[in-house]
Amino acid sequence: MKQVNLFALFVVCVLSGCATTQQSVYQQLGGQAKVAQIVDNFIYQIEFNAEIFEYFKDSNVQRFREKLNEHICVHTGGPCQYTGDSMEDVHTGMHITEAHFNLTVDLLINAMNDANVPHPLQNKVLAVFAPMRDEIYQR
Ligand code: HEM
C-alpha cells in the first residue's frame, strides 16, 4: 500500500511539472538557440531606441552580441564561459541613469516577449540580472 502511494505521488509530481523545477533557467528557456534569439531581439530593440542607442553608437555590435550571449548563458546556469569584461569595467564611465537602466530592462522584456518567453520565465531571467544594477548604473 505504501509503495502504491509513493508511486501515485511520483506520477502526480511528474504530471504537475515538478521535474522541470530542477532545470536551470537556461534549460527552461530552451538553451542557446533561445538565448541567441533574445539577444538578437534585444539588439534590434536597442537600435530602434534613440535614447539607449546613444550609449551603443560607437560599440562593436558583433562583440556585444557574442559577449551578451555568453553572459546570459552563464548566469542562467548554461554550459558556457564568459570571456568578456566585468560589468563594472564595461559600464564605468557611461554614467547610466536609473531611468536608462529601467528603460533597458523594458527593452529586454520586449525582446523576451518577441521570443515568446512565458512571463513567469521572464521573471526568472530578470531576477538573475536585477542584482547587477549596482555594478552598472550611476558609474
Ligand atoms: C543587467 C543589465 C546589463 C547587463 C547584464 C549588461 C551586460 C553587458 C555585457 C555582457 C556587455 C559586453 C561586455 C564586453 O564587451 O566585454 C555589455 C556591453 C555594453 N553595455 Fe551593458 N549590460 C547591462 C545594462 C546596460 C545598460 C543599462 C546600458 C546603457 C543604457 C548598457 C550599455 C552597454 C554598452 C554601451 C556596451 C558596449 C560597450 C563597448 O562598446 O565596449 N548596458 N553589457
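That block above? That's the structure.
Analysis parameters
- Residues numbered from 1 in each chain as written.
- Predicted model: local features only at pLDDT ≥ 70, side-chain atom pairs only at ≥ 80, totals over all residues.
- Heavy atoms only, no water.
- Helix = DSSP H or I, 4+ residues; strand = E, 2+ residues; numbered from the N terminus.
- Buried < 20%, exposed > 50% of the residue type's maximum accessible area, 1.4 Å probe, protein only.
- Contact = heavy atoms within 4.5 Å.
- Near = heavy atom within 4 Å.
- Polar contact = N/O pair within 3.5 Å; in protein donor to acceptor, adjacent residues only side chain to side chain.
- Nonpolar A, V, L, I, M, F, W, Y, C, P; charged D, E, K, R; others polar.
- Disulfide = S-S within 2.5 Å.
- Phe/Tyr/Trp six-rings, centres within 6.5 Å; stacked < 30°, edge-to-face > 60°.

1. Quick look at the overall build of the protein chain
No. 1: For the protein chain, the count of helices and strands is 9 helices and 0 strands.
No. 2: Secondary structure of the protein chain in N-to-C order comes out as α-α-α-α-α-α-α-α-α.
No. 3: The proportion of buried residues among the 139 residues of the protein chain is 32%.
No. 4: Long-range contacts, defined here as pairs at least 24 residues apart, represent 68% of the contacts in the protein chain between residues at least 6 apart.

2. Focus on the site of the ligand
No. 1: Looking at the ligand, there are 21 residues lining it, with Tyr-55, Ser-59, Arg-63, Asp-85 and His-91 nearest.
No. 2: Between the ligand and Arg-63 there is a distance of 2.7 Å, counted from an oxygen atom to a side-chain nitrogen or oxygen.
No. 3: Contact between the ligand and Asp-85: an oxygen atom at 2.9 Å from a main-chain N or O atom of the residue.
No. 4: Those elements that provide at least two residues to the shell around the ligand are α4 (50-56), α5 (61-75), α6 (87-91) and α7 (98-114).
No. 5: Partitioning the shell around the ligand into residue classes produces 13 nonpolar, 5 polar and 3 charged.

3. Things to note about the state of the cysteines
No. 1: Taken as a whole, this structure holds 1 disulfide when the rule is applied.
No. 2: Linked covalently through their sulfurs, Cys-73 and Cys-80 form a disulfide whose S-S length is 1.9 Å. Where Cys-73 bonds to Cys-80 through sulfur, the torsion about that S-S bond is close to 80°, and the disulfide is right-handed.
No. 3: Judged by its relative accessible area of 0%, Cys-73 is buried.

4. Description of the environment of Thr-97
No. 1: Considering the arrangement of structural elements, one finds Thr-97 in the loop between α6 and α7.
No. 2: Once residues within four sequence positions are removed from consideration, Thr-97 is found in contact with Tyr-55 and Tyr-137.
No. 3: In terms of polar contacts, Thr-97 uses its side chain to reach the backbone amide nitrogen of His-100, at 3.0 Å.

5. Considering the packing of aromatic side chains
No. 1: Summed over the entire model, instances satisfying the criterion amount to 3 aromatic pairs.
No. 2: Taken together, a centroid distance of 4.9 Å and an interplanar angle of 45° make the contact between Tyr-44 and Phe-48 tilted.
No. 3: With a centroid separation of 5.7 Å and an interplanar angle of 45°, the aromatic rings of Phe-101 and Tyr-137 are classed as tilted. Linking Phe-101 in helix α7 with Tyr-137 in the segment after α9 (133-136), this pair joins segments that are 36 residues apart in sequence.

6. A short note on the side chain of Gln-45
No. 1: The topology assignment puts Gln-45 in helix α3 (residues 32-47).
No. 2: Under the relative-accessibility criterion, Gln-45 is labelled buried at 15%.

7. Some remarks on the environment of Glu-51
No. 1: In this fold, Glu-51 is placed in helix α4.
No. 2: Once the C-alpha coordinates of Glu-51 and Leu-103 are considered, the two residues, 52 residues apart in sequence, prove to be 9.0 Å apart.
No. 3: Polar side-chain contacts of Glu-51 include one of 2.8 Å to the side chain of His-100.

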